[in-house]
Amino acid sequence: MSNSSVITKEEGNYKRSYNSGLGRPCFAIMNPELTLTLPDYQTACGCTDILIHTMEHYFTNGGSMEITDRMAEALMGTVIENARILKADPGNYEARAEMMWAGSLSNNGLTGCGNDGGDFSCHMLEHEIGGMYDVAHGAGLAAIWGSWARYVYQNCLSRFYRFAVKVMGVPEEDSKEMVALKGIEATEDFYREIHMPVSLAELGVFPTEEELKELAHKCSVATGGSRGSARVLYEKDMLEIYRMAAQR
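The written sequence of each chain sets the order in which its residues are numbered from 1. pLDDT decides what is reported in this predicted model: residues at 70 or higher carry local features, side-chain atom pairs at 80 or more are listed and counted, and totals for whole chains, interfaces and linings draw on all residues regardless. Where side-chain values are given, they derive from all heavy atoms of the structure, hydrogens and water being excluded.

K.L.:
In this structure, what is going on with the overall build of the protein? I would like to understand it.
P.N.:
Strands are runs of DSSP state E lasting at least 2 residues, helices are runs of H or I lasting at least 4, and numbering of each runs from the N terminus. Check the secondary structure of the protein and you find 10 helices and 2 strands. Just to be clear, the radius of gyration here is over C-alpha atoms, and the globule rule we use is 2.2 Å times residues to the power 0.38. Compactness check: the protein gives a C-alpha radius of gyration of 17 Å against a globular reference of 18 Å for 248 residues, within 12% of the reference. Overall size of the protein, expressed as C-alpha extent along the three principal axes, is 45 × 45 × 35 Å. Three labels apply to residues, based on accessible area from a 1.4 Å probe with only protein chains included: buried if under 20% of the type maximum, exposed if over 50%, partly exposed otherwise in between. Looking at the protein residue by residue over its 248 residues, the buried ones come to 50%. Counting only contacts in the protein whose residues sit at least 6 apart along the sequence, the fraction spanning at least 24 positions is 70%. Areas reported as accessible are Shrake-Rupley estimates using a 1.4 Å probe. Residue values count occlusion only from the protein chains shown. A total of about 11600 Å² of accessible surface is found on the protein, and carbon and sulfur atoms cover 52% of it. In the protein, 22 side chains carry a positive charge and 34 a negative one; their mean positions are 4 Å apart. A contact between two residues is defined here by any heavy atoms of the two lying within 4.5 Å. Charge counting follows a simple rule: Lys and Arg are positive, Asp and Glu are negative, and His as well as the terminal groups are ignored. Think of each charge as sitting on NZ of Lys, CZ of Arg, CG of Asp or CD of Glu.

K.L.:
Is there a simple way to think about unusual backbone geometry in this case?
P.N.:
Despite not being glycine, F120 has its phi angle at roughly 60 degrees, a positive value. Residue F120 is classed as buried on the basis of its relative accessible area of 16%. At H195, a position not held by glycine, the phi torsion is positive, near 65 degrees. Considering the arrangement of structural elements, one finds H195 in the loop between α7 (176-193) and α8 (200-203). Relative accessible area serves as the criterion here: at 58%, H195 is assigned to the exposed category.

K.L.:
Looking at this structure, how should I read the side chain of D119?
P.N.:
By secondary structure assignment, the location of D119 is in the loop between α3 (93-107) and α4 (121-133). Each reported salt bridge corresponds to a side-chain nitrogen of Lys or Arg within 4 Å of a carboxyl oxygen of Asp or Glu. In this structure D119 is buried but unpaired, with R227 as the nearest side chain of opposite charge at 6.5 Å. In protein, a polar contact means a hydrogen-donor-capable atom and an acceptor-capable atom, both N or O and within 3.5 Å, with residues adjacent in sequence counting only if both atoms are side-chain atoms; elsewhere, any N or O pair within 3.5 Å suffices. Among the polar contacts made by the side chain of D119, one reaches the main-chain amide nitrogen of S229 at a distance of 2.6 Å. The contact partners of D119, leaving out residues within four places of it in the chain, are E56, F59, W148, R227, G228, S229, A230 and R231.

K.L.:
Help me understand the packing of helix α2 (residues 66-88) against α3, please; the structure alone is not making it clear to me.
P.N.:
Comment: axis = line fitted to C-alpha atoms, over the contacting stretch for helices; angle = value between 0 and 180 degrees taken between N-to-C directions. Relative orientation of the contacting elements α2 and α3 amounts to 145 degrees, with a least axis distance of 9 Å. The element α2 and its partner α3 pack so that their crossing is left-handed. Facing α2, whose interface residues are L75, T78, V79, N82, A83, I85 and L86, α3 presents A95, R96, E98, M99, A102, L105 and S106. All amino acids are sorted into three groups, where Ala, Val, Leu, Ile, Met, Phe, Trp, Tyr, Cys and Pro are nonpolar, Asp, Glu, Lys and Arg are charged, and the leftover types, Gly among them, are polar. Across the contact of α2 with α3, the residue classes tally to 9 nonpolar, 3 polar and 2 charged. If you view the pair so one helix is near and one far, a crossing is left-handed when the near helix is turned anticlockwise from the far one by less than a right angle, and right-handed when it is turned clockwise.

K.L.:
Help me out: how do you make sense of the packing of aromatic side chains in this one?
P.N.:
For any pair of aromatic rings, the description consists of the separation of the ring centres together with the inter-plane angle of the planes. To pair, rings of Phe, Tyr and Trp, with the six-membered ring standing in for Trp, must have centres within 6.5 Å; the planes then decide the type, stacked if under 30 degrees apart, edge-to-face if over 60, and tilted in the middle. Overall, the coordinates contain 9 aromatic pairs when judged by the stated rule. Judged by centre distance (6.0 Å) and plane angle (50 degrees), the ring pair of F190 and Y191 falls under tilted. With a relative accessible area of 0%, Y191 lands in the buried category. Of the aromatic side chains, those joined through ring pairs into one cluster are Y58, F59, W145, W148, F160, F163, F190 and Y191. Here, a charge over a ring means that NZ of Lys or CZ of Arg falls within 6 Å of the ring centre while also lying within 35 degrees of the ring normal. Its end group placed over the ring of Y161, K176 keeps NZ or CZ at 5.3 Å from the ring centre. Lying across the ring of Y14, K218 places its NZ or CZ 4.5 Å from the centre.

Here it is in structure tokens:
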């Protein structure tokens, strides 16, 4: 149901996305049985990508609609619940069916209705990591997400607060900032629970300072100089997020 595709050019280590209505299928037949032979690691990577695709629409300063927010929150909660089921029982057909449907809804633009379409900084940051180090996309997203979230959350505090309460179940008993931070921590705890990394080191990537600068520069070029809605990121911001992810 998506209009998106991604391609890697090994010469130069570039990974780029392409979006076009011409790439959207007229119809799609989804069979969860075709995912039963996936390794546990790739299943977890897929679950993470589905979750963060929805987050990319959710963490925005571009306005919102209550019905869109509630659909996104239900979708994220469903992904988290069924990712846990699949970790314990990889052959669970019902959980794979839920995840496959969630994947379609997270990619078809539904949860971007009524806002500016979303942030998608994490995806752009990860594309450079995937291009340079050939890591699985979902794992790369998990490795960069926490650093991105801590860098931008104060600029999008109401959304991070709502996410923490509505999706991650954080009690509303502290300041909005503390609740938001607990939501970020709870999300990283979930990544660890399904054996996803939360830093570049856990991903098995140990970039030099020059490589970090190269990642940031490539990301800046790929985004036309800036990207983001929760907070607009420029090359210096991208570099700082890469540094945070490398130092954790």
